[in-house]
Amino acid sequence: MDDHIEQIPELLSPAGGPEQLRAAVENGADAVYLGGRLHNARQNAANFDDDTLRAALAYAHVRGVAVHVTLNTLITQNELPEALEYAASLYAMGADALIVQDLGLARELRRLMPDFPLHLSTQATVCDASYARLAARRGFSRVVLARETEWEDICRIVKEAPIEVEVFAHGAMCVCFSGQCLFSSMIGGRSGNRGACAQPCRLPYTLLKDGQSQASGYLLSPKDNCTAEHLALLCRAGVASLKLEGRMKSAEYVAAVTHVYRKYLDAPGDVDAADRKLLLQAFNRGGFAPGYLRGWSARDFICRERPKHWGVLIGTVLDSDERRSLVQVQLSDDLALGDGVELDCEGFPGNVVTAIFRDNVPQAAAHAGDLVWLGSISQVKLPAQLYKTSDKAQGEWARRSYAPFTRRVTLRGEFSVSLGQPARLRLYDEQGHTAVQEGTRPAETAIRRELRDEEVFTQLKKTGNTPFVLEECALSLPAGLSLPVSELNSLRRGALEQMEQLRANRYPQRTAPAVDVPSAPTPEPADAGLSAFFYHVNADALAAAGQARRICVPLSRVLSARGREAVSPCAARGQQVLFWLPPETIPAQMEDLRRQAAALKAAGFTGALAGNPGQLETLRELGFPVWGDMGWNVFNTSTALEMADLGLKGLTLSPELTMRQIQSVAHPAMEAEAIVYGRLPLMYSKHCPVGAEMGGGAHCGLCHTGRFALRDRKDMQFPLICFSGVCRCVILNAVRLHVPDFAARLADAGVSTLRLIFTEETPQEIAEVLASYTQALRDPPEHFLRGESYTAGHYLRGV
């Protein structure tokens with residue numbers, strides 16, 4: 001590890017509840033992030049109600065710790081007033097910043113509370129400098145980068161964007177770009193964009209090639225990120241904040257991880273074995289990986305064997321006694337009563353250790369090298385390794401680290417007194433606060449014993465269980481005076497109470513503003529047309545889409561002359577032709593676009609369907625009109641207005657909206673598009689299961705050798721679309737969306753374009769599907785039976 005750190009960034013720790021907050025603060029966090037009672041992306045954490053949040057703000061602020069509150073889910077139109085009222089209350093309470101995903105919510109927050117710092121959530125998929133610059137122009141003070149952002153790109157963003165940059169340093173990784181995942185939403189109705197992800201990525205899958213099994217396991221379950229060995233690298237990049245993931249984790253976890261990162265930020269060096277073990281024992285999935293910091297590591301990124309906490313390997317199981325629920329273990333590390341253990345055999349049997357026998361003698365603990373019998377563990381199948389999943393002593397250490405409170409704020413003081421006058425104590429902190437306390441009794445001439453400097457300082461520095469320590473105090477104390485010790489104690493208590501109140505009330509000028517949501521005109525019924533979206537470019541398939549008003553294909557498929565030649569007949573017959581950009585801005589792809597812009601225009605491309613706001617800068621520069629894809633997550637009218645201000649010609653409504661919610665979203669002066677047919681993209685990922693499991697790694701080209709899919713435990717098959725040029729993977733839904741019964745209602749709600757996504761359909765099937773929607777717009781079907789082959793998505797159920 002290069003241990004040179006020029007500037008130490010903020011250490012930002014998770015606080016899923018009040019106990020985790022104390023664990024973070026007492027172990028050295030500079031800031032914490034937490035969720036309140038509404039609209040946060042960890043709805044299943046303990047979180048904070050209004051009373052506990054006020055107490056948390058006071059506790060943290062007194063100790064010099066900032067509190068960032070998550071308001072980081074997507075907000076429906078009907079929820080906007082409630083979300084803004086809640087944000088106004090957080091503003092008045094004194095939250096230091098809001099972490100926001102929804103661009104429409106951010107728009108209204110800027111309007112109502114322009115001085116309230118806004119951090120653009122990792123859910124917004126910021127991974128390039130152009131998006132970071134855009135975020136700065138739109139009033140954000142910080143961007144939380146996508147976990148997929150590599151070190152070179154982090155450096156470029158810090159250098160080229162006038163905004164604070166926050167990166168994830170430790171904790172769970174998502175296999176999909178955050179904010180772009182519909183997997184949990186579509187297969188189980190629990191949306192990650194709404195704080196209720198069911199984590200289908202942690203389930204087992206089988207990779208199929210042309211229907212044949214290639215690999216099985218937890219193929220979408222990443223190892224946890226750990227950058228403890230790379231802190232100097234991140235600091236050298238100039239990031240403002242290092243974020244530790246874990247709002248669903250225990251206080252003991254928060255204490256351990258915060259402690260280790262604080263240690264190596266303050267005293268850089270190689271992470272020693274004891275601290276690495278501390279992190280592993282706190283939580284790991286088959287070890288750690290540095291995420292994408294140094295690029296994608298195909299084999300090391302995923303934990304295929306099991307998706308939960310592994311703990312630390314401590315021995316080999318040699319024998320078992322099912323009758324007595326004992327196992328014989330050759331230990332390679334220490335173990336004690338009360339530790340939790342688990343075996344890596346079928347069923348993963350485990351328990352809290354209640355008995356240890358060495359040479360038939362009960363023991364309280366055992367050590368590396370010992371041959372012991374442990375209980376109570378049954379249903380063991382050999383061979384097996386023994387893992388310690390919880391360490392009783394580590395848990396006790398962690399709890400001691402934050403109870404009682406030990407974090408102190410250093411103060412300076414001035415004490416003065418004169419004959420016949422009461423004493424005065426002034427206290428100063430590093431934030432510029434001054435607390436002044438006047439005594440109640442005048443100083444008298446000493447008769448027996450005069451007041452001395454050392455006696456005064458001794459009494460004033462007795463700060464006890466307050467969060468302060470008096471480091472120095474200038475004394476103005478004439479000789480020969482007397483003052484009761486009780487008076488000194490009263491001065492100290494009063495001044496410390498004042499200082500605590502001053503620090504707790506960090507923003508005394510704030511008051512909650514009156515909240516309103518701008519009204520927008522009800523959309524007029526639209527003369528709706530069809531858009532045909534193809535993941536692959538095939539001349540016959542494109543020719544079959546003659547009834548579509550618009551054709552859209554991925555940019556990566558038309559960078560070649562052959563790809564453009566297949567598409568150019570569409571423009572020749574009068575269809576609008578767009579190229580699609582993914583929900584991630586890839587700098588290399590933007591360079592490809594610059595080189596091929598003239599050729600694309602010559603082939604008839606008249607605009608772009610942009611998946612990420614970071615692409616706007618290049619598209620404008622090249623003169624391509626822009627329509628926003630589903631990656632913008634349009635949930636409300638305010639997001640539509642924000643996109644209109646940014647110059648977009650159209651938007652794609654989120655496929656997580658119900659029909660009724662779509663009817664409430666106005667989009668003045670913009671085209672609105674809704675997806676009505678095809679396999680919805682459930683995940684967009686920088687991790688490619690094909691390259692990872694078949695040995696090719698990045699840019700292996702294996703994706704061209706067959707049709708690939710993931711099969712789940714219910715025998716559902718999720719097709720994979722791989723983009724070899726940029727080495728990205730899209731996981732599609734196992735069933736097709738098909739809602740011709742909603743076509744006319746969408747048009748009546750002002751939706752001007754209905755998108756149909758085609759993947760493996762034959763030209764005849766493409767023509768038939770397009771014809772059915774053309775007919776549905778003219779003559780809506782009264783009854784439509786979807787059957788098991790199709791889904792209505794969220795048009796009825798929502799999230």
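Here, the structure is the one placed above.
Everything quoted here is computed from the prediction, not taken from an experiment.

1. Some details on empty space enclosed by the protein
Right, on to step 1. Evaluated as defined, the whole model comprises nine cavities of 30 Å³ or more.
Right, on to step 2. In this model, the largest cavity occupies a volume close to 220 Å³.
Right, on to step 3. The wall of the largest cavity is formed by 22 residues, among which Q180, P583, D629, M630 and P681 lie closest to the centre.
Right, on to step 4. It is strand β36 (residues 681-685) that provides the largest number of residues to the lining of the largest cavity, a total of four residues.
Right, on to step 5. For the lining of the largest cavity, a count of residues per class yields 14 nonpolar, six polar and two charged.
Right, on to step 6. Estimates place the volume of the second largest cavity at around 130 Å³.

2. Things to note about the sheet that holds strand β27 (residues 468-476)
Right, on to step 1. Strand order across the open sheet formed by four strands is β25-β24-β23-β27, with mixed pairing between neighbours. Each of the sheet's edge strands pairs with one partner strand only, and the pair in question is β25 (434-442) and β27. Ignoring strand direction, the axes of neighbouring strands in this sheet form an average angle of 20 degrees.
Right, on to step 2. Inspection of the sheet shows strand β24 (residues 422-428) paired to β25 by six bridges, in the antiparallel sense. Among the inter-strand pairings, P422 is bridged to a residue of β25, identified as P442.
Right, on to step 3. Against the sheet, helix α12 (residues 453-460) engages β23 (409-416), β24 and β27, with an angle of about 155 degrees to β27.
Right, on to step 4. Running at roughly 155 degrees to β25, helix α13 (residues 485-504) makes contact with β23, β24, β25 and β27 of the sheet.

3. A few points about the nonpolar core
Right, on to step 1. Among the nonpolar cores identified, the biggest contains 228 residues, and V32, L98, Y261, F534, F579, L746 and Y795 are the most heavily contacted of them.
Right, on to step 2. The element best represented in this core is helix α9 (residues 251-266), accounting for 10 residues.
Right, on to step 3. Those residues in contact with Y261 that lie beyond four places of it in its chain are L11, A169, H170, C226, T227, A228, L231, L244 and L279.
Right, on to step 4. In terms of nonpolar packing, the next biggest core, distinct from the first, is built from 24 residues, L411, L425, L481 and L488 among them.

4. Considerations on the side chain of R247
Right, on to step 1. For R247, the location among the structural elements is in the loop between β11 (241-244) and α9.
Right, on to step 2. At 7.8 Å, E245 is the nearest oppositely charged side chain to R247, a buried residue that forms no salt bridge.
Right, on to step 3. One polar contact links R247 to N40, side chain to side chain, over a distance of 2.9 Å.
Right, on to step 4. Separated by 3.4 Å, the side chains of R247 and T70 make a polar contact.

5. What about the packing of aromatic side chains?
Right, on to step 1. Evaluated as defined, the whole model comprises 17 aromatic pairs.
Right, on to step 2. On the basis of an interplanar angle of 45 degrees and a centroid distance of 4.9 Å, the ring pair of Y292 and F301 is categorised as tilted.
Right, on to step 3. Judged by its relative accessible area of 2%, F301 is buried.
Right, on to step 4. In textbook terms, an aromatic cluster arises when at least three aromatic residues are bridged by ring pairs, as seen for F533, Y535, W580 and F723.
Right, on to step 5. A cation over a ring is seen here: R306 above Y387, with NZ or CZ 5.0 Å from the ring centre.

6. Re the pairing of strand β29 (residues 529-534)
Right, on to step 1. Along β29, six of the six residues are buried, which leaves the element largely enclosed by surrounding structure.
Right, on to step 2. For β29 and strand β41 (residues 753-758), the ladder comprises six bridges, and the chain directions are parallel. Its bridge partner being in β41, S531 is matched across the sheet by R755.
Right, on to step 3. As judged from the three bridges shared by β29 and strand β30 (residues 550-554), these two strands associate in the parallel manner. Paired with A532 across the strands is I551, a residue of β30.

7. Observations regarding the packing of α9 against helix α10 (residues 273-282)
Right, on to step 1. Direction vectors running N to C along α9 and α10 enclose 150 degrees, while the axes themselves pass 9 Å from each other. Between α9 and α10, the angle is such that the two are roughly antiparallel. Note that α9 runs across α10; the crossing there is left-handed. Between α9 and α10, the residues in contact are Y253, A256, V257, H259, V260, Y261, K263 and Y264 and D275, L278, L279 and A282, respectively.

8. Section: the state of the cysteines
Right, on to step 1. Tallied over the full model, the rule gives zero disulfides.
Right, on to step 2. Not part of a disulfide, C201 finds its nearest cysteine sulfur in C197, a span of 5.9 Å.
Right, on to step 3. Residue classification places C201 among the buried positions, given a relative accessible area of 10%.

So, how was this worked out
Residues numbered from 1 in each chain as written. Predicted model: local features only at pLDDT ≥ 70, side-chain atom pairs only at ≥ 80, totals over all residues. Heavy atoms only, no water. 1 Å grid on protein atoms, 1.4 Å probe; cavity = no way out; pocket = protein on both sides within 12 Å on 5 of 7 lines; lining within 4 Å. Points joined across faces, edges and corners; volume = space filled by probe spheres on them. Helix = DSSP H or I, 4+ residues; strand = E, 2+ residues; numbered from the N terminus. Nonpolar A, V, L, I, M, F, W, Y, C, P; charged D, E, K, R; others polar. Pairing = 2+ DSSP bridges. Axes fitted to C-alpha atoms, helices over the stretch in contact; angles between N-to-C directions. Contact = heavy atoms within 4.5 Å. Core = buried A, V, L, I, M, F, W, Y, C linked by side-chain atoms within 4.5 Å. Buried < 20%, exposed > 50% of the residue type's maximum accessible area, 1.4 Å probe, protein only. Lys, Arg positive; Asp, Glu negative; His and termini not counted. Salt bridge = Lys/Arg side-chain N within 4 Å of Asp/Glu carboxyl O. Polar contact = N/O pair within 3.5 Å; in protein donor to acceptor, adjacent residues only side chain to side chain. Phe/Tyr/Trp six-rings, centres within 6.5 Å; stacked < 30°, edge-to-face > 60°. Lys NZ or Arg CZ within 6 Å of the ring centre and 35° of its normal. Parallel < 35°, antiparallel > 145°, perpendicular 65-115°, else oblique. Left-handed = near helix turned anticlockwise from the far one by under 90°. Disulfide = S-S within 2.5 Å.

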